[in-house]
Each structure stands twice: as C-alpha cells, then as structure tokens.
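Take a look at the letters that make up each chain.
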Amino acid sequence: MSDSMLETEAPAPSGKGPPKKRRRIVVSCTECHRRKQKCDRELPCANCRSRNRETFCSYDPSARTFDNGNTTTTTTTTTTNNNNYYYYYNNNDSLVTKISPSTQLPQISASSTPLEITEPLSTMAATWGYGQTGASTISFLKKIETAPSSDDQSSLSTLSSACTSREDSFAVRERYKDLIRHLPAKVFIDKLVAMCMREFNWQYYFVDPDIFFAQLQQWNNLPFSIFSTEGPRGISPGLRVFPAVLFQMIAAALLVLPDGEEEEFVTLKYAANMTFEDLACDYSASGAEIVGLFGKKGLSVTTVQAEFLRACFLKYTANVTESWHMIGIAIRDAQELGMHRDSLDPKPTETSLESVIENQWLIERRRKMYMILAMWDINMSLILGRPGTVDWRHSLPSLPIDTPVPSNRSNTPIAPRNPEKDPPTALTRCLWLHEICLPLRDIQDLEHEGPYPKDFSKIDTVHQKIMRIHDSTPAIFRLKNADTRWDNDPEVEGWIGGTRYYFYLIHNFTLMALHRPYLFHRKESRSEALTAGLAMLEMQRSMFEGLPSTSWRNFMLFFGTFDAIVLVASVYILFPHDHPEHRQLSVQHIHWAIERFATMQHRNPLAKAAQGVLRAILGKFTKALAHSASPSKTSDTPSSTRGPSDHTPASGSARLDTNTNPVPVWPASSLPGTSMAKSAVEGQDVGNARQDMPGETWLSPSEWAFAPDGLSNIMPTFATSDLIYNDLTAVQDGGGIMAAAEMGPGERGAPEWQFGGDIADGTLWQVLNQFQPR
C-alpha cells in the first residue's frame, strides 16, 4: 500500500510545527446537519428514514462515532507534499494516525491506542484497492476475521455482520422499490392480465386464475409505507416475488396486442420509436431481476412460476438458448422445494379440515407445475439436441388429478372430473399433452445406442407405443370425429379447436423425432419420417391460416417446420428416386414454408435467419429432382392431400387457398405408421436395417468416396439447434451470406450456394455441400 493512502508513523517533530487548530467535528449526517436535527448516526438514520430520504443520507469524511460521548478528538489539517491529510490526536495530544481524505475513515476510539475498528478489515482493504480474488491480503484477512476468537472479537464480528446485512437490505429494498415502480397502472394491469389469461395461460395452465387473482388482491392491499420501511423483507416470500409474475404476464400480453387495441396502451411507451415488443422485453427483464434480488434462500412456488413464465417469454421472442437455461433453473428451484418427490409434499399447518383440504390443493398445484416443467425439458432436449435437466431414471411425482376448477379451495374436496358431465379444462389438456410426450423419454434413451443400433426392434416397439397413444386420443381432442358438445362453452371455445390440430402436430413430431436418427440407415425409418414430416407441414399450414398473426403463433409454427423441411428435403436430395408420389407436394410445402417465414420474420428473428437456408435447400432439392426420373404430368400426389393451390405454376409462387380443407385426409397406405404397423402384424421382418445408397444417376463413385460406409457416418440432424448454436447460414463460394430476399421462391437456386457456419465433420450439411448433381 502506498504512503499516500495510509501512513501510521507520526511525522518527525520540528522546532515549530503548525498550530493545532481545534474545531468541532460534524458527526451528524449531511441531511440532519443541514436541518439542525439530532442524528442517531445510523445509515440511513431514523430522520432520513421517516422522511423517505434514505438515498440522501451520507456522512462527511471527517465525521466519526464517539465512544459513549466521553471522549473528544481534535483534527489538524496540514499540507505535506501538496497532499492534504488529516492528523488525529487523543486528548493527551498524542498523534493516533494520519489518513488521506480520499480514504474511507475507520471509526476511532480515543480511549485506546491502537485504533478500535468496527468495520471488517477485509472490507476496508477492498476499499483501499486490494484484489478480492486469489491469494490476496483480503483472503488472509477474511480467514483471520472468521477464525475462533475472544468474546470481544466475536462481538466485533457480529456487529460487522449486522452492519453489512443492514446495508445489503437497504440496497435490496431500494432496488425492489425502483423495480415495482415500473409496473403500469392498475387499469392497464387488469386488461393485460385478462389478455394473457385468454391468449396464453390455457396452453400450459401454469397460473391458476383463482390463486393469481387472490395474490393480486393481496398485493394491491399492501400499505405503501411497507416498501419504504421494511421493504420486501416484510412481505411473505410468495407475495414479494408476485410482481415478477405480473411483469411476465404483462410482457406476454403485449406480444399479442390486437391492432385495434394498440392505441389504448401507447402511453406505456417511454420512447417515440419504441415498439410494444421492446416494452415487453423491458417488463420481462424487470420481472427476472426481481427474482434475482432474493437468491435461493426465500424460494417459493411463485418463484418457480415467475421463472417458467420468463422461459416462455424468451422462447416466444426466439431467445431459445436463454429459454433452455431458464427452464433448467426453474426445474432446479422446483426440486429445491421438493416438487419432484411425493415424499416431500408439504404438510398441513393446522389440523382443521379446511387446512387439510387447502394443503391437498397445494400438492396438486405443485405436481401440475413439475409435470409441465418436465414436459418442456424433454421437448426442448429433442428439438435442440441438448441434455435435459430432469433425470427420468428417478421416480417422478404423481400426476395431478383431472378435476374441475374449484370455486373455493378451502371447502372443495378433490374429485376427478366426470368426462360425461364436466367440460374439459386446461388441466385436462395438459394431462393429455403429457401422455403424448411420454414416448419422447424412450426416444431419448435410444440415442445412447447411436444412429445405427444392433437391434432395430426397439425402434419398432416405441413406434407402436406412439400409435397406441394416438389411437386412444379422447374424443374431445380428436381431429376427426371429434366430440364437439363442449366447443361453445365459454371456458373451452377459445382453445379446443386449435388444441386438436396441435396434438396431431405433436404426434407427428414424436414420430419424426423417433425415426430421424436412422433416416440414412433404414428404409422403413426414412418412409415413416417423410410421411410424419409432411403431415406436420400440412398441420402448420392449416394453423397458420386459422390463427391470428401474433408472436405466439410465430413461435409455435417455427419449431417443427424448419426441422420437417430439412428432413423431407434431405430424403429427396440424397434419395431422389424414393417416394415419387410425394415429390410435388414436398416442393410445394417448401414454397409455403418460405412464404410463412417471410411473414413471420418481423416478429421472429429465427424465421428471418432460416429463410436463406430454406432457399438453398430448395435450390438443391429442385436440382436433384431435375436429374432424377421426372414424374408424369398428372402428378402422383394423392388427390386427398392436394388442394387447389397445388395446381399453381412450376415457378412456385403459390398462394394459400383459404378454401382448402385444413384437415389432411391421408390414404390408408400413407398414414403415419401404417406401413410399419401393418408389417408387424403380418409378421414381416422390418427390424433389419437396410443400408441404402443414394441415386446412382447423379452421384459418381468419387463423390461417394469420402464416406466409405455410405451414409452410416452421418450424425443425427438437429436443424433448429444448428441454426441457433452453430450459426447455420447459406453462403456463397466467395463468402457472402444469402439474404432473405436474394432469391425468390420460384428460383432454382445457384449451384454455388453452400451451407456455412460451424459445420462439423459427418453432418448432413457437410454431405449436402459435397454432393452436387451432375
């Protein structure tokens, strides 16, 4: 430490030193001194706290704390080498120390020498500039301060901890108060919350409306003074994080504002060129910061709720990586609360019947939340090709009971819903979605055996399980021959129609995810994956036409579309002679997808980034088909899967025909899973792998030489993951990146366009770059 910072030796006496000018030291804070009030020397002091002036409470550098008011300290100021120092003396005029004014002053007791310091030396050393990491002076000081000590030293440590805790509490309180000031007025909150409940909450039902509105009432009834006195520490753990839930719900609602209602909320913007999505991002970030203020010591169910809603918002806004991490955090916090074990369920706080019933509803709520977190975990793992957080090998908690929404949780026992008398609820939807996602666990387990397992019968077993679940779909969720008696119920009509399409979409995604790793190794898997991919694309086209243009639609219709197109196109590029009956339909779906992505790109950055890749795929696809046997003029595409828009010119500038029947009617021979199921019934051997070679008419042996084992070296393709994590793009030989508008949908694509990014060896993108039709 330099001498200019702290000197402990007294200056050499001289014949005539400067006269010791005694003056009274100001010991009050600057506010109390200005107002001539008695100060209690706290930080902030009582006067500043009562006047809500905590942020202005500060002390002059020369101020000090008296030792019971029995001693007096005199200060002399002099100039040494053009630097000002403070010289401190005891009553007997003996020099105590000499300190620069820029240094944070310790508290000095004149009754003893050396100094009696009531602030941790490690904290003071950090102020003086010592490093805080590694083997530094601070690390040694902290070890000394935390070591066993005498009673006096223990008291000093306790006092130091109390001071630090008080300062931290003050900082949290002020930041908390600053964040909740950003909540909009109640009239806006009420409208945006209702919009979020209507547009979003039914999807996962993570927020129970009756509990939420009860918490909202409690929040509105809090006295304002509590935020300036006790702060969040004076609020229950569940309620103090409630503003984070509010922020996330408001943010989600701002993403789906109808055009006719935007003017009503324009006053919430604080910049002229600000969009509602910018405002939504600010609100969501404020909610996330509130959760982060309290660490992991005061976790509650509301904390997990806020974290899940934050993950949803990040996914809606195409921040997929951040969403994946946030889901992991929410799962860990849920496990910290014991949601993952029935044995860790909470116990009633009282023995009364009301308390027991309320506790059982709390258990059901916790189980529902963990079920949804686990579903998100496995779905994101299969889409992104990333490991999940939930370990499925361990037992999971029991599923929640499908019960009607209670009017009063304190006197309504839990009873299963009667399907014949009670309408379906959002929880009914979540429970069946969980059932559809169960095979994803088996698919994840199969990944350990690689893309070319010794026994393909396991794949067939999982496939048949998926088909059994699909065949047992409840009538209310079937796409065909659906039970529609509840469709006009006010609590059901807003989501039941779209749910039927969505469940069929998830069913085909599960089939595609199952067969995707074996696409290039097994003809049966290639056929099933192709059929499932086309069914997904047809469903998404129908949903795109029927849903309003919102960020939720843009988020939902992106995932799956990109993976399905890459899968379908790669089959025809590498195996151009396979499935000629679906060629024209496949090309048409790529055109439609490019048009959808162009529409969504203003609200979905991933859709914008993916357009160049889709156009490059389309160019390679059309060129591969041009060098293979051309289909007849009368397309082999089954008429039941084609609408009037399929007769558009070959240029590909097809328009979506809203009169087309949105329900795809697949012939029995081409229904997803039919061929494999039929083969299993007839006893045919479909488990043996068939190593297929690509079309010999357009690939020479030299082009195939780099993969001696054919296509068996190609790793499973996670297209969305490559786009997000590996910066997948369409690049030119010269290094240029294909812009979204550089090539129209009907163009054949220039042969020099290749796939760029962090492409690893053995990936599909490397294969597509090396294989060029002759």
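Note that the structure is a prediction, hence the values are computed from the model and not measured.

A. Broad picture of the packing of aromatic side chains. Evaluated as defined, the whole model comprises 18 aromatic pairs. Judged by centre distance (5.5 Å) and plane angle (70°), the ring pair of Tyr204 and Trp376 falls under edge-to-face. Of this pair, Tyr204 sits in helix α6 (residues 186-204) while Trp376 sits in helix α14 (residues 353-384), and the two are 172 residues apart along the sequence. Taken individually, Tyr204 and Trp376 each receive the classification buried, so the pair is uniform in this respect. Stacked on the ring of Phe294, the Lys or Arg Arg240 has its end atom at 4.9 Å from the ring centre. One residue, Arg386, lies across the ring of Tyr725, its end atom 3.8 Å from the ring centre.

B. Structural view of the pattern of salt bridges. Overall, the coordinates contain 28 salt bridges when judged by the stated rule. A salt bridge links Glu174 to Lys177, with the nearest nitrogen and oxygen atoms 3.8 Å apart. Residue Glu174 and its partner Lys177 are both found in helix α5 (residues 151-180); the two are separated by 3 residues, about one turn of the helix. The pair Glu174 / Lys177 is uniform in exposure class, with both members buried. Among the ionic pairs, Glu524 bridges to Arg522, the shortest N-O distance being 3.9 Å.

C. Structural view of the UniProt feature "domain: Zn(2)-C6 fungal-type" (unreviewed entry) in the chain. Sites flagged by UniProt as "domain: Zn(2)-C6 fungal-type" (unreviewed entry) map to residues 28-59. Strand forms 0% of residues 28-59 and helix 34%; the C-alpha atoms that close the span are 7 Å apart.

D. Expanded view of the side chain of Arg417. With respect to the element layout, Arg417 can be found in the loop between α14 and α15 (426-446). On the accessibility criterion, Arg417 (12% relative accessible area) is buried. At 2.9 Å, the side chain of Arg417 and the backbone oxygen of Asp422 are in polar contact. Leaving out residues up to four positions away in the same chain, Arg417 has contacts with Asp402, Thr403, Pro404, Asp422, Pro423, Pro424 and Thr428.

E. Just the packing of helix α17 (residues 496-515) against helix α18 (residues 523-546), in detail. Running from amino to carboxyl end, α17 crosses α18 at an angle of 155°, the nearest separation of the two axes being 8 Å. One element, α17, and the other, α18, form an angle in the roughly antiparallel class. As for how α17 packs across α18, the hand of that crossing is left-handed. Contacts between α17 and α18 involve Gly498, Tyr501, Tyr502, Tyr504, Leu505, Asn508, Phe509, Leu511, Met512 and His515 on the former and, on the latter, Ser525, Glu528, Ala529, Ala532, Gly533, Ala535, Met536, Met539, Gln540, Ser542 and Met543. Per-class residue counts for the contact of α17 with α18 are 13 nonpolar, 7 polar and 1 charged.

F. Quick peek at the packing of helix α20 (residues 561-574) against helix α21 (residues 583-600). Between α20 and α21, the least distance of the axes is 10 Å, while the angle of their chain directions is 145°. Handedness of the crossing formed by α20 with α21: left-handed. The residues of α21 that touch α20, namely those facing Thr561, Phe562, Ile565, Val568, Ala569 and Tyr572, are Arg583, Ser586, His589, Ile590, Ala593, Arg596 and Phe597. Of the residues in the contact of α20 with α21, the class split is 8 nonpolar, 3 polar and 2 charged.

G. A look at the confidence of the model for the chain. Per-residue pLDDT for the chain has a mean of 75; in total, 67% of the residues score no lower than 70. Confidence, read as mean pLDDT per element, is least for helix α23 (residues 674-681) in the chain (35) and greatest for helix α10 (residues 242-254) (96). Note that pLDDT drops below 50 for residues 1-13; the model gives that stretch 21 contacts with residues more than four away or on any other chain. In this model, residues 156-161 is a region of pLDDT below 50 whose contacts with residues beyond four sequence positions or in other chains number 6 contacts.

Thresholds applied
- Residues numbered from 1 in each chain as written.
- Predicted model: local features only at pLDDT ≥ 70, side-chain atom pairs only at ≥ 80, totals over all residues.
- Heavy atoms only, no water.
- Phe/Tyr/Trp six-rings, centres within 6.5 Å; stacked < 30°, edge-to-face > 60°.
- Helix = DSSP H or I, 4+ residues; strand = E, 2+ residues; numbered from the N terminus.
- Buried < 20%, exposed > 50% of the residue type's maximum accessible area, 1.4 Å probe, protein only.
- Lys NZ or Arg CZ within 6 Å of the ring centre and 35° of its normal.
- Salt bridge = Lys/Arg side-chain N within 4 Å of Asp/Glu carboxyl O.
- UniProt positions renumbered as here; feature names shortened; annotations may be inferred.
- Polar contact = N/O pair within 3.5 Å; in protein donor to acceptor, adjacent residues only side chain to side chain.
- Contact = heavy atoms within 4.5 Å.
- Axes fitted to C-alpha atoms, helices over the stretch in contact; angles between N-to-C directions.
- Parallel < 35°, antiparallel > 145°, perpendicular 65-115°, else oblique.
- Left-handed = near helix turned anticlockwise from the far one by under 90°.
- Nonpolar A, V, L, I, M, F, W, Y, C, P; charged D, E, K, R; others polar.
- pLDDT = per-residue confidence, 0-100.

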